[in-house]
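Examination of the molecular architecture
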Amino acid sequence: MTATPSPFGPSGRRRTAQAAARLAAAGALLAGCASDGSQSALNPKSPDAALIAQLWWWFLGVSAVVLAVVVLVLAVGLLRGRGAQGARPLPESRRWALVVSGGIVAPAVAILGIVVSGLWIGRETGARPTPPDVTVEVAGKLWWWEVRYRDAQGGLIATTANEIHLPVGRMVRLLLLSDNVIHSFWVPNLDGKTDMIPGQVNELWFAPGEAGTYRGQCAELCGVQHALMGFLVVATEPAEFEAWLAHQARPAAEPEGALARRGREVFQQSCARCHTVRGTAARGGQGPDLTHLAGRRTLAAATIPNTRGHLGGWIADPQSIKPGNLMPGFALDPPDLHALLAYLEQLE
Amino acid sequence: MTLTDRTFDPGAPAVRDDPEETRRLEETWRSPSGPVGWFMPVNQRIIGRRFIVTAFVFFLLAGALGLLIRLQLAVPENSLLGPELYNQIVTTHGTTMMFLFAIPVVEGFAIFMAPMMIGSRDMAFPRLNAFGYYVYLIGGVAFFGSLFVGLAPAAGWFNYVPLANKEFSPGLGVGIWTTMITFIEVSALTAAVELIVTILKLRAPGMSLNRMPLFVWSVLVMAFMILFAMPTIIVASLLLILDRLVDTKFFIVEAGGEPLLWQHLFWFFGHPEVYIILVPALGVISSVITTFTGRPIFGYTALVVSLVATGFISFGLWVHHMFATGLPQLGLSFFMAASAMIAIPNGVQVFCWLASLWGAKIRLATPMLWVLGFFVIFVIGGLTGVMVASIPFDLQVHGTFFLVAHFHYVLIGGAVFPLIGGLYYWYPKMTGRLMSERLGKWSFWLAFLGFNLTFFPMHQLGMEGMPRRIYTYIDGLGWEGMNLLATAGSVVLALGFLLTAFNFWVSMRRGRPAGDDPWGAPTLEWRTSSPPAPYNHRHVAVVHGRYPLWQEREAGRREVVIGLRSDRREMVVTSILDAEPQSVQVLPGPTIWPFVSAVAASTGFIGILVSPIFFVIGFFLAFFSFVGWLWPRRPWRED
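Residues numbered from 1 in each chain as written. Chains lettered and ligands numbered in written order. Predicted model: local features only at pLDDT ≥ 70, side-chain atom pairs only at ≥ 80, totals over all residues.

Before going further, it helps to examine the overall build of chain A. A count of helical and extended segments in chain A gives eight helices and twelve strands. For chain A, with 348 residues in total, the buried portion stands at 44%. Pairs at least 24 apart in sequence give 64% of the contacts found in chain A among residues at least 6 apart. (Helix = DSSP H or I, 4+ residues; strand = E, 2+ residues; numbered from the N terminus. Buried ≥ 20, exposed ≤ 12 C-beta atoms within 10 Å, placed from the backbone. Contact = placed C-beta atoms within 7 Å.)

All right, on to the pairing of strand 5 (residues 570-574) of chain B then. Residues and elements named next belong to chain B. Sheet topology note: the strand 5/strand 6 (residues 581-586) ladder contains five bridges and is antiparallel. Note that in strand 6 the partner of V572 across the bridge is V584. The turn joining strand 5 and strand 6, which pair antiparallel and follow one another in sequence, is formed by six residues; a positive phi near 55° is taken by A579. (Pairing = 2+ DSSP bridges.)

So, about the interface of chain B and chain A. Note: interface size is frequently given as the accessible area lost on complex formation between the parts. With 73 residues of chain B in contact, the opposing surface of chain A contributes 81 residues. Elements that contribute at least two residues to the side of chain B that touches chain A include exactly helix 4 (83-117), helix 8 (259-293), helix 10 (329-341), helix 11 (343-357), helix 12 (366-389), helix 13 (391-397), helix 15 (437-463) and helix 16 (480-510) of chain B. Considering every element that reaches the side of chain B that touches chain A, the biggest residue donor is helix 11 of chain B, with ten residues. Across the side of chain B that touches chain A, the residue classes break down as 47 nonpolar, 21 polar and five charged. (Nonpolar A, V, L, I, M, F, W, Y, C, P; charged D, E, K, R; others polar.)

Another point: the confidence of the model for chain B. Scored by pLDDT, chain B comes out at a mean of 92, with 97% of its residues at no less than 70. Confidence estimates for the predicted assembly give a pTM of 0.92 and an ipTM of 0.91. (pLDDT = per-residue confidence, 0-100.)

Another point: the nonpolar core. Core analysis: the largest hydrophobic core is formed by 311 residues, its most contacted members being A102(B), A114(B), V216(B), V219(B) and M222(B). In this structure, A102(B) is in contact with M97(B), I277(B), L411(B) and A415(B), ignoring residues within four places of it in sequence. (Core = buried A, V, L, I, M, F, W, Y, C linked by C-beta atoms within 7 Å.)

Turning our attention to the sheet that holds strand 4 (residues 163-167) of chain A. Residue and element names in this part refer to chain A. Ordered in space as 4-10-9, the three strands form an open sheet in which the pairing is mixed. Edge strands, defined here as strands with exactly one partner in the open sheet, are strand 4 and strand 9 (212-217). The sheet shows a mean angle of 25° between the axes of neighbouring strands, direction not considered. Relative to strand 10 (residues 230-236), strand 4 is paired through five bridges, and the arrangement is parallel. The partner of L166 across the bridge, within strand 10, is A235. With respect to the sheet, helix 4 (residues 238-249) is in contact with strand 4 and strand 10, its orientation differing from that of strand 4 by roughly 135°. (Axes fitted to C-alpha atoms, helices over the stretch in contact; angles between N-to-C directions.)

Residue and element names in this part refer to chain B. Position of M571 among the secondary structure elements: in strand 5. The class for M571 is buried, based on 23 C-beta atoms found within 10 Å. Along the backbone, M571 and A204 are 367 residues apart, and their C-alpha atoms lie at a distance of 9.5 Å. Each residue touching M571, except ones within four places of it in the same chain, is listed here: S120, R121, D122, L202, V584, Q585 and L587.

Next up on the list: the confidence of the model for chain A. Averaged over all residues, the pLDDT of chain A equals 88, while 90% of them reach at least 70. Long-range and interchain partners of residues 1-34 of chain A, a stretch whose pLDDT sits below 50, account for 57 contacts in this model, where long-range means more than four residues apart.

This brings us to the environment of L446(B). Residue and element names in this part refer to chain B. By the element assignment, L446 lies in helix 15. According to the C-beta neighbour criterion, L446 is partly exposed, with 19 such atoms within 10 Å. For the pair L446 and L495, spaced 49 residues apart in sequence, the C-alpha to C-alpha distance is 6.9 Å. Each residue touching L446, except ones within four places of it in the same chain, is listed here: V492, L495, G496 and L499.

Below is the structure:
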């Protein structure tokens, strides 16, 4: 099982196991647009998200009935007065019956349903079986995501950015942090959102249910580039995940070829103050860790695909792609840029 | 049918209006004219009308910003507005709609209508009223003006810290927000105090609490809510001002400050705020339904209890804005239950109105049409509101376009639609004329259609993962169609509202003269002439039931209070519960002092953005202006 190669292409594997997902797709088609579904609460890919999606379909169904009843009562009531015989009000007792049943009993039943379902689903989705299989620290930055894998003792395994790989079927614990403003971590296909608040550590637990690439996005206004603060969650089979993590833990490979070696020098001069490439002298902490940049699917926090052209454009003029972001543009000489790209492309 | 005015005593002779006395009464209550005179009136109707007109101007301005937002989001990766400008526009749109439109407009309706409805000639503290208006006007213009010079705040209308801290929002923007909002809320507080005292103490003799029109009840509930909610936002924004101005560090994490403290304080105000806006609109609905069905509303007591219950419950559910902040589950569960509970009083109200409408002979005039539109939209907004009370569900839709859809359904459907209905309904009392029914109906259908086209698709956008407050979105997430639809709808919606604005303006000159009571309404405001004379009621009425005008028409006579002097501004003070006459209050006349005080206070509030020294300057200026304001009136002028 492999993830779809591009997160922006059509997902191609719309599993119909879930009635919810089917309805969602139907709804989207009805509305005249084919949703990609890689960032949708209506396309749940974990037990938690599936429960919440089910809750939504119940809510929608019940609400549709309530709305229909109210409009019907209103319409019938209005029509009854239109006749030639003049006003025909309900008798007093019938009126009270209407108010008590519609205004008290029905809402009370609905409240009971909401509270009970909310408590039950809240308990299911909030369940935290100890110990978790995987612990990942995700820190909200301006405006990207730092991802740190921790072992059971809390030791650091690997650091990456904007792309979180997780094993399918395993319980994941995310530790959500921020050292700047409040962000909110949200991958609609996998779970509800949880805020990242400076000064506290929030936890989010879930188990990805199906391999795939899902997009997440910051859900709390966090400044100029709130809109383009995205990330990917790549859920893979556990073995594949372990291999990926082991690779991420390794330092960067020695560049091969003169061009790439030249590129490393350019990197040291221009980029190392803000970026880290493990295994080299580049230890900057301002921007994302680039040790395995070439293995990532996207750039600029899931904003543009990770291709040579986009990478070059991003380095030369990041402000035109994400105005206001903290990376300055670098007007490198074409040979330098060429060398730098060659180097970065080798950071598998 | 001619009615005879009589005094308290049924055996007393009919009261004859002496034209000389009427002229003197008019002289006493008249407001000065001329350029300086514009700053002097204290009469409640003039102040109320200014509130309403100013608020609707802000509504149109903020609505234009809403259109810009929709245009920017029409297509993915649009570059019409940059991110910084977009964030400023979103913040200004939200803040203006909430603080410069919604609250002032309901206050305006309350100040304009409530005193006439309770048979009073003015409000308890007329100069305070005027002061409140100038504060609102100056604060509002200063706030909105910041957008035109590129200094508007960009941290969202709820200004979460640390984003709103000096470190992350270094410009003047958030400073303008905090100082101007604090300032404007002073105006809300003055209106609240004013309305509470007026409603409790200045009702016409005989209008006991259980005979009060439902609109007045809703205003009373609203005023009490303002009284308890506004101090919290004033405190919160003061703390933020201090953090930004003198580094107090209430919200600075590194110094032990707490970002969640801001959220608690803000939402302790922010949630009741929604009901502060909604409750008076519910009162308008009760008034309109009573008049256009031509019979008493069903479940008066149930409606009053529901209003009061809504007021109480609304203070117990602020945490449902904070479900995603990581607070413990047990505490959150309480707020989940409380949030869902608000469905009961609202359900009772909706079904009382449905019971009143059932089988009634309804005149489908424009005000009624807007109220019928309310039913559909508000019920949808209420249903999604109950949904988001559920914690697990809220964690998916919180901070998304689903929420944007939800609160626009509640606020536009629940408050703006009925208020526009109220505008059509009470327009004769503002201008003496009726607004065009034809334009009104066109306006309604355009707005109704446009509204649903704009906001209904947003529910789906939210479910499909679109967060709110994003200036753009990448192509290929499946949000394109719905966004385009919403943008198209917003143009229709804007046309609908503009048509009402046009109607308002054109009907001032060309509208059909209304006469005193064009709709056959039951409440006292329709006993005044259209537009009312400066003293509102030529004679203060004596009330015997909930529907005085209908009862008087049936009885063929009406009872009035006599003995009030016509050479000074006198009003009858009555007891709180039963409205038994207690004494006579003499009100002050036109004066420039409230305006001077407002200018003095705003010197401090606006100047503080530049330098803290203006706090001192503003303090002394305001002090001297208050001395002038409170200077004892000379007794020999009184008698």
